[in-house]
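Structural overview
Next come the chains, spelled out residue by residue.
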Amino acid sequence: MTAFADVLRLLSTVQKPAVGVSLYTRFVNRPAGRVFAAVAYRIGATPNQVTLLSALFTFPALAAVALVPPGPGLSVCVCTALAVGFALDSADGQLARSQRSGGPSGEWLDHVLDCVKVVSVHSAVLVALYRFFDLPSRALLLAPMLFQLAAVLVFFVAILTEKLKRREHDRAPAPHSALRSVLLLPVDYGVTCLAFLFLGNQGLFLGVYCTLLLAHVVFLPAFLVKSFRQLC
């Protein structure tokens, strides 16, 4: 059987480019996903099984956000489960590329569950704000709805643009930008996962959550323009 270290080296050769991703995805999520993918490779798991395992970490955690009064213990558990689920979401693609087992059905399952996740995370926050938070204004209930709209639109446009744009070898590869990797941090889903670490402190969570919402609102127009221009 292939040694674990050898599997990690193999997986390191099938990583996606660092262009267009934040520091969290590049230095936290993908490396963690590589470890999970190596474990899956060693035990003979399939990419679809890893995708479903990601869902098993993500959706119970979101249900807890909506159904359980927030506190420090819940905050840590939810943040950890969401971060692990996100890393597993990276692992399934790495595993598929290393095994050369990727296909339309696996991509379909991955994207469908990702879409449900993006919708559910902000729906859970909306329910939690309504049930458990002492809001200074009911208008704050609009925040998860706006965040959901922006996040779903970014998710959809990213996938649609990738499907419609010309083949990569017909284009000059974009240079990696360290500054862009920093600027993309507030719109990285992984950073949204980390925000739940503050769920037990209502004021702090609202401040962090609304800051991330503002970042998405600012990012969205520029992202839409850039995506459209890639297709012209």
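**Some thoughts on helix α2 (residues 23–43)**
- Between its first and last C-alpha atoms α2 spans 30 Å; for 21 residues at 1.5 Å apiece the expected length is 30 Å, and the two agree.
- The largest bend along α2 measures about 30° and falls at Asn-29, with the proline Pro-31 one to four residues further on.
- Those residues of α2 hidden inside the fold are in contact with α1 (4–12), α3 (47–67), α4 (72–99) and α8 (189–195).
- Between the side-chain oxygen of the N-cap and the backbone nitrogen of Tyr-24 there are 3.2 Å, and the N-cap of α2 in question is Ser-22.

**A look at empty space enclosed by the protein**
- Under the definition given, this model contains one cavity of 30 Å³ or more.
- Of the voids in this model, the largest cavity is the one considered here, and its volume is about 60 Å³.
- Lining the largest cavity we find Thr-51, Ser-54, Ala-55, Thr-58, Phe-59, Asp-89, Asp-110, Leu-113, Asp-114 and Lys-117.
- Sorting the residues of the lining of the largest cavity by element identifies α3 and α5 (104–132) as the ones contributing at least two each.
- Looking at the lining of the largest cavity element by element, the count peaks at five residues for α3.

Rules behind the numbers
- Residues numbered from 1 in each chain as written.
- Predicted model: local features only at pLDDT ≥ 70, side-chain atom pairs only at ≥ 80, totals over all residues.
- Heavy atoms only, no water.
- Helix = DSSP H or I, 4+ residues; strand = E, 2+ residues; numbered from the N terminus.
- Expected span 1.5 Å × (residues − 1).
- Bend = angle between axes of the 7 residues up to and from the residue.
- Contact = heavy atoms within 4.5 Å.
- Polar contact = N/O pair within 3.5 Å; in protein donor to acceptor, adjacent residues only side chain to side chain.
- 1 Å grid on protein atoms, 1.4 Å probe; cavity = no way out; pocket = protein on both sides within 12 Å on 5 of 7 lines; lining within 4 Å.
- Points joined across faces, edges and corners; volume = space filled by probe spheres on them.

No statement about biological role is implied by the geometric values presented.
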